[in-house]
Amino acid sequence: MSNDSPQPNGGGRLESLDALRGFTMFWIVGGGAVVQALLRGADSPWLVALDGQFRHFEWEGFGFWDLIMPLFLFMIGVSMPYSFAKRLERGQGKCRILGHVLLRVILLCVLGMTVNGNLLTYDVSKFQLTYSVLHVLAMGYLVASILLLALRWPWQIMATALLLLAYWAIQYQPAPGYPPGTYAPNATRGDWLNEWLLGDWQGQWRRPWIVAMTTYGSTAMLGALAGQLLRSAKESAMKVLMLTASGLACLAAGWYWSYHLPIIKLPWTSTYVLWAGGWSYLLLALFHVVIDIAGLRRWAFPFKVIGMNSIAAYLGWQWFGPAFRQAARVFVGGLEPYVGPAGYRPIEAAAATLCLWLILYWLYRKKTFIRI
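Since the structure is predicted, the reported quantities are computational estimates derived from the model, not experimental observations.

(A) Layout of the overall build of the protein chain. Broken down by element type, the protein chain carries 13 helices and 0 strands. Counting helices and strands in the order they occur from the N terminus, the protein chain gives α-α-α-α-α-α-α-α-α-α-α-α-α. The C-alpha atoms of the protein chain give a radius of gyration of 21 Å, which matches the 21 Å a tight globule of 372 residues would have. Counting only C-alpha atoms and orienting by the principal axes, one finds that the protein chain spans roughly 60 × 60 × 45 Å. Within the span of the protein chain, comprising 372 residues, buried residues form 53% of the whole. When contacts within the protein chain are restricted to residue pairs at least 6 apart in sequence, those whose partners lie at least 24 apart make up 68%. With 29 positive and 17 negative side-chain charges, the protein chain shows a spacing of 11 Å between the two charge centroids.

Laid out in structure tokens, this is it:
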């Protein structure tokens, strides 16, 4: 939502965040489609297992594809301490900052409705207050903003833990007619609450997002805590050590708790927050070491181009994905008779992704960064 990136102790832009943000968005805007096209119809057990990592689990479980969305929300959290600090240094009060946050949240929800809520039909009878990626980002950003502006970091940790526990307490009591501790599709208290309040306004994308605001906010807060650590005056080695330790602690807590509360993406359970948060901490530590400390930056440039305009990349792919694929077919469609349908699918997917990347590269060269 904001491309304000942390500043390392020595000054300059902390490029690891841009690269990691772009790495995440790359898979959403075509990278995943390329891999899926390559692996389609694979009969090797290893390739079948790899293909499974690029598909969401239907319910309980966790794979690489289930990490993408919380990782992006985590990185929004990492940026927040820096963007808020800049505004406070410019003399803006916390109420004014919160007002700006609310405007961003509303705009993101509206943009989300253009993707999943039929807003672009301009037919009020078809509008849906539905679940979308941007909706999740907006809700997590809102909750984390309130905690970040209102509390000091020790209390932020406690508040994040309380949000995770509150989610568990609410969801332990399922929808009417189910025994306590039931975590099944459409059987949670969150499902029941959304149906009761919104009903058919939800459309086909029905998720218990009202209750899950607690865990969306927790995911963003894990990132905000990492951002405050990176912003501190601690030595680089200590920052990496603490990021790594935090990641391992989250993984251990998520694994242990999963025996009582399963790791499930769709309702965004507390254990899902911890498990995804653990991997997010470890990836952030890795990118920070390689790019900011070791100075190995060139390999990450394609990701940086995406990361500097991540929201534009997402909306561009969602709105104009078919147009990019059609443009790709103009340039590479003639290869299909030579490589066959199976060989052509990943070529077309890669070419469509390249079409979007070239537009983002043009924006990057023009120093045009679209922010919300």
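(B) Region of interest: the packing of helix H3 (residues 68–89) against helix H10 (residues 270–293). Where H3 meets H10, the axes come as close as 9 Å, and the angle between the chain directions of the two elements is 65°. The two elements H3 and H10 cross, and the hand of that crossing is right-handed. Residues Pro70, Leu71, Phe74 and Val78 of H3 form the contact with H10, whose own contacting residues are Tyr272, Ala276, Gly277, Ser280, Tyr281, Leu283 and Leu284.

(C) Layout of the pattern of salt bridges. Going through the model one piece at a time under the given rule, you end up with 6 salt bridges. The partner of Asp51 in a salt bridge is Arg55, and the shortest N-O contact between them spans 3.0 Å. Each of Glu15, Arg297 and Lys304 takes part in one network of salt bridges that share partners.

(D) Just the side chain of Thr269, in detail. Here Thr269 shows up in the loop between helix H9 (236–257) and H10. A distance of 2.9 Å separates a polar atom in the side chain of Thr269 from the backbone oxygen of Pro262. In this structure the side chain of Thr269 is engaged in a polar contact, spanning 3.1 Å, whose partner is the side chain of Thr271. With sequence-adjacent residues up to four places away left out, Thr269 is seen in contact with Tyr167, Thr215, Leu261, Pro262, Ile263 and Ile264.

(E) Fine view of the nonpolar core. The biggest cluster of nonpolar side chains holds 101 residues, and the ones touching the most others in it are Tyr216 and Trp268. The residues contacting Tyr216, other than those within four sequence positions of it, are Leu73, Tyr131, Val136, Met139, Gly140, Trp209 and Trp268.

(F) Structural context of the layout of surface pockets. Considered as a void within the structure, the largest pocket measures approximately 830 Å³ in volume. Forming the walls of the largest pocket are 29 residues, and the residues nearest its centre are Leu148, Trp153, Gln156, Leu225 and Gln228. At the level of secondary structure, the elements contributing two or more residues to the lining of the largest pocket comprise H3, helix H5 (133–150), helix H6 (153–172), helix H8 (209–231), H9 and H10. Of the residues that constitute the lining of the largest pocket, the class distribution is 20 nonpolar, 5 polar and 4 charged. The space that makes up the second largest pocket amounts to roughly 690 Å³. As for the second largest pocket, its lining consists of 23 residues, and the residues nearest its centre are His56, Trp65, Val133, Tyr314 and Gln318.

(G) Molecular detail of empty space enclosed by the protein. Under the definition given, this model contains 2 cavities of 30 Å³ or more. Considering only enclosed or pocket space, the second largest cavity measures out at about 40 Å³ in volume. For the second largest cavity, the full set of lining residues is Met25, Ile28, Phe72, Val133, Leu134, Leu137, Ile311 and Tyr314. Taken together, the elements giving at least two residues each to the lining of the second largest cavity come down to helix H1 (15–39), H5 and helix H12 (310–332). The biggest single contributor to the lining of the second largest cavity is H5, with 3 residues. Its residues assigned to classes, the lining of the second largest cavity comprises 8 nonpolar, no polar and no charged.

(H) Broad picture of unusual backbone geometry. Residues other than glycine seldom take positive phi values, yet Trp268 does so here, at roughly 55°. Turning to its location among the elements, Trp268 is positioned in the loop between H9 and H10. Of the residues examined, Trp268 reaches a relative accessible area of 0% and is grouped as buried. Positive phi, normally seen in glycine, also occurs at Lys367, with a value near 55°. Mapped onto the elements of the fold, Lys367 is located in the segment after helix H13 (336–365).

(I) Up close: the confidence of the model for the protein chain. Looking at the protein chain as a whole, its pLDDT mean stands at 89, while 96% of the residues score no less than 70. Across residues 1–12, where pLDDT falls below 50, the model places 47 contacts with residues more than four positions away in sequence or in other chains.

So, how was this worked out
- Residues numbered from 1 in each chain as written.
- Predicted model: local features only at pLDDT ≥ 70, side-chain atom pairs only at ≥ 80, totals over all residues.
- Heavy atoms only, no water.
- Helix = DSSP H or I, 4+ residues; strand = E, 2+ residues; numbered from the N terminus.
- Rg over C-alpha atoms; globule rule 2.2 N^0.38 Å.
- Buried < 20%, exposed > 50% of the residue type's maximum accessible area, 1.4 Å probe, protein only.
- Contact = heavy atoms within 4.5 Å.
- Lys, Arg positive; Asp, Glu negative; His and termini not counted.
- Charge placed at Lys NZ, Arg CZ, Asp CG, Glu CD.
- Axes fitted to C-alpha atoms, helices over the stretch in contact; angles between N-to-C directions.
- Left-handed = near helix turned anticlockwise from the far one by under 90°.
- Salt bridge = Lys/Arg side-chain N within 4 Å of Asp/Glu carboxyl O.
- Polar contact = N/O pair within 3.5 Å; in protein donor to acceptor, adjacent residues only side chain to side chain.
- Core = buried A, V, L, I, M, F, W, Y, C linked by side-chain atoms within 4.5 Å.
- 1 Å grid on protein atoms, 1.4 Å probe; cavity = no way out; pocket = protein on both sides within 12 Å on 5 of 7 lines; lining within 4 Å.
- Points joined across faces, edges and corners; volume = space filled by probe spheres on them.
- Nonpolar A, V, L, I, M, F, W, Y, C, P; charged D, E, K, R; others polar.
- pLDDT = per-residue confidence, 0-100.

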